[in-house]
Amino acid sequence: MISSKKNEIIKKKLLLVEGADAMYFFIQALQVFSVNDVQVLDFGGITELTAYLKMLSNCNYSGSLTSISCGLI
Amino acid sequence: MYRLNRRIYMISKLSIEGFKGFERLDIPSLSRITLLGGHNNVGKTSILEALFLFHDRLNPQIFLRLFAWRGVGSIAFEPDSIWAPIFYNYDMDKKIEISAMINGIEEKMSLTFNPHYVPVVIPAKNMRPGFRPTQISTDQKVEPSFSLDIVYNSQKMKNQKIHLVIGLDGVGIQIDNTVIESRKATLLGARTAINPKEDAQKFGQLDILGKQDNIVEFLKIIEPNLKSLSSVSMGDASLIHGDIGLKRKIPVAYMGDGVSRLLSIILAIATTRNGIVMIDECENGVHYSVMPKIWEAIAKAAREYNCQVICTTHSYECLEAAIKGLSGELASDFSYIRIDRSNNKNVAKSFDHGMLKLAIDTNMEVR
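The following refers to the structure shown. Being a predicted model, the structure only gives us computed values, none of them experimental.

About the thresholds
- Note on numbering: residues in each chain are counted from 1, in written sequence order.
- The lettering of chains begins at A and the numbering of ligands begins at 1, in the order of writing.
- The model is predicted, so local features are restricted to residues of pLDDT at least 70 and side-chain atom pairs to those at 80 or more, both for listing and for counting; the totals for chains, interfaces and linings are taken over all residues.
- By convention in this description, side-chain values take in all heavy atoms of the structure and omit both hydrogens and water.
- One bridge is not enough; two strands pair if DSSP finds at least two bridges between them.
- The numbering of helices and of strands both runs from the N terminus, where a helix is a DSSP run of H or I of at least 4 residues and a strand a run of E of at least 2.
- The axes used here are C-alpha line fits, helices contributing only the stretch in contact, and every angle between their N-to-C directions lies in the interval 0 to 180 degrees.
- By definition, residues are in contact when any of their heavy atoms lie within 4.5 Å.
- Note on terminology: angles under 35 degrees are roughly parallel, angles over 145 are roughly antiparallel, angles of 65 to 115 are roughly perpendicular, and the others are oblique.
- Crossings are assigned a handedness: left-handed for a near helix turned anticlockwise from the far helix by less than a right angle, right-handed for a clockwise turn.
- When residue character is reported, Ala, Val, Leu, Ile, Met, Phe, Trp, Tyr, Cys and Pro are called nonpolar, Asp, Glu, Lys and Arg charged, and the others, Gly included, polar.
- Exposure above 30% relative accessible area and the lack of any salt bridge qualify a residue for a patch; like charges then connect within 9 Å, and the nonpolar side chains Val, Leu, Ile, Met, Phe, Trp and Tyr within 5 Å.
- Reported accessibility uses the Shrake-Rupley method at a 1.4 Å probe radius. Residues are deemed covered only where the shown protein chains occlude them.
- Counted as salt bridges are all cases of a side-chain nitrogen of Lys or Arg within 4 Å of a carboxyl oxygen of Asp or Glu.
- Remark: exposure states derive from per-residue accessible area (1.4 Å probe, protein chains only) relative to the maximum for the residue type, with buried under 20%, exposed over 50%, and partly exposed in between.
- Here a polar contact is recorded for every N or O atom pair within 3.5 Å, except that within protein the pair must consist of a potential hydrogen donor and a potential acceptor, and residues adjacent in sequence are included only if both atoms are side-chain atoms.

Looking now at the sheet that holds strand S2 (residues 38-42) of chain A. All names here are of chain A. Taken in spatial order, the three strands make up an open sheet running S2-S1-S3, and their pairing is parallel. Lying at the two open borders of the sheet, with one neighbouring strand each, are S2 and strand S3 (67-71). Within this sheet the neighbouring strands show an average axis-to-axis angle of 25°, counted without direction. For strand S1 (residues 13-17) and S3, the ladder comprises five bridges, and the chain directions are parallel. Paired with Leu15 across the bridge in S3 is Ser69. Sheet strands in contact with helix H1 (residues 20-32) are S1, S2 and S3, and its direction is about 170° off that of S2. Docked against the sheet, helix H2 (residues 49-56) engages S1, S2 and S3, running at close to 150° with respect to S1.

Here you go:
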């Protein structure tokens, strides 16, 4: 069943990763190490990262972001 | 057929201060087709109302229409009921300022409440419409009244002054000095039902000029079987009928809400040439599957009639449909503005077609 829930930035720390595989890896890894204040988002392809960051700055977020990191596997 | 007219009337920037829920809002970029989104009560409809007020300032009914569009049938006849709702925090001691960058030049309007307005006309006794009064009392005094003083600076004339007056006889307008601008504005409210009679009148205006076939071409985008439209007298009103290849013509209202809604929108655009059309909750009454074609028709009509179209939406499907329907050269005509409220400040975030497409492709919440 396809979820209709949309992505919103809900945590202060953001980890941007490339692709669904990387996204699920980091979500699992953060859970294993009980890291609860980091949100993982898939930015698509590396060529879109700049555009993605610009788009992200216009999107919903509750509270203020304190850090954005990029994760690679 | 879909020409990009060189002489474009375009509002490219808008600032609103002290109006309704906006202490201040700056929208740095508007396009030919602009879609406004955001949470409930963030002020999307208020932006359309500010734009309409900016254009329709010579209409003494303007504030009554603002209430009508919101579904309010009647209000108390006093400034606190008629005018206070448009002021930020209902504070009529403050000033409202609306400024727009139009074709690169700033035009500005300010509104202030004047509780001591003195009318320039002293009414004579026994006034009858169409007849010159024969007497006036020598002890006649001018009764102070309430007014909303509008000062407007445009390209054609600085310091135009207009007073919207609440007097003993009703709501009126007193003009100190102004120029009549030729820019039209039309607002299709969210709560305003499709009005077949009004649509028939607009269609009639185009029919007189021989422009009715253009409307058929736009409607064919969602109803390919449509061959022609005509206005048919039905009792004391006219209804637009369409030929879709059946044995007889049928009222457009019978063809489905999508066709009726698109017809209302296209007629609004076609009769607001060189002006601005505002559509509140543009997705109302339209199935999501035809929404991309609705957008395509709106964008092509806006180019054809040299119109700027500003819409509001709550719907993610409407955003998806805009991306899908406004492809190719139409994409450059479009932008999406998300209105956000954070720390009690209103902020406008602008997405062009590419940025909104990326947001939708990555499933980001952008409403």
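What follows covers the packing of helix H1 (residues 44-55) of chain B against helix H2 (residues 62-69) of chain B. Residues and elements named next belong to chain B. Between H1 and H2, the shortest axis-to-axis distance is 11 Å and the interhelical angle comes to 155°. One finds that H1 runs roughly antiparallel with respect to H2. Helix-helix and strand crossings are classified by hand; for H1 and H2 the assignment is right-handed. When H1 is examined against H2, the residues Glu49, Phe52 and Leu53 are found in contact with a partner set consisting of Ile62, Phe63, Arg65, Leu66 and Trp69. Partitioning the contact of H1 with H2 into residue classes produces six nonpolar, no polar and two charged.

Below, the discussion takes up a nonpolar patch on the surface. A grouping of Val32, Phe33 and Val35 of chain A is seen on the molecular surface, where their side chains present a nonpolar patch of about 310 Å² in accessible area. With respect to the helices and strands, Val35 of chain A occurs in the loop between H1 and S2.

This part is about the pairing of strand S16 (residues 345-352) of chain B. In regular strands, side chains alternate between the two faces of the sheet. Residue and element names in this part refer to chain B. Both strand S15 (residues 334-342) and S16 contribute to a ladder of eight bridges, which runs antiparallel. Its bridge partner lying in S16, Arg338 is registered against Lys349. Counting the residues in the hairpin turn of S15 and S16 gives two residues, including Asn343, whose phi is positive at 55°.

On to helix H8 (residues 316-325) of chain B. Residue and element names in this part refer to chain B. Of all ten residues in H8, seven are buried, a share of seventy percent or more. Taken as a whole, H8 has its buried residues at Tyr316, Cys318, Leu319, Ala321, Ala322, Ile323 and Gly325. You can read the cap of H8 off the contacts: a side-chain oxygen lies 3.2 Å from the backbone nitrogen of Glu317, and it is on Ser315.

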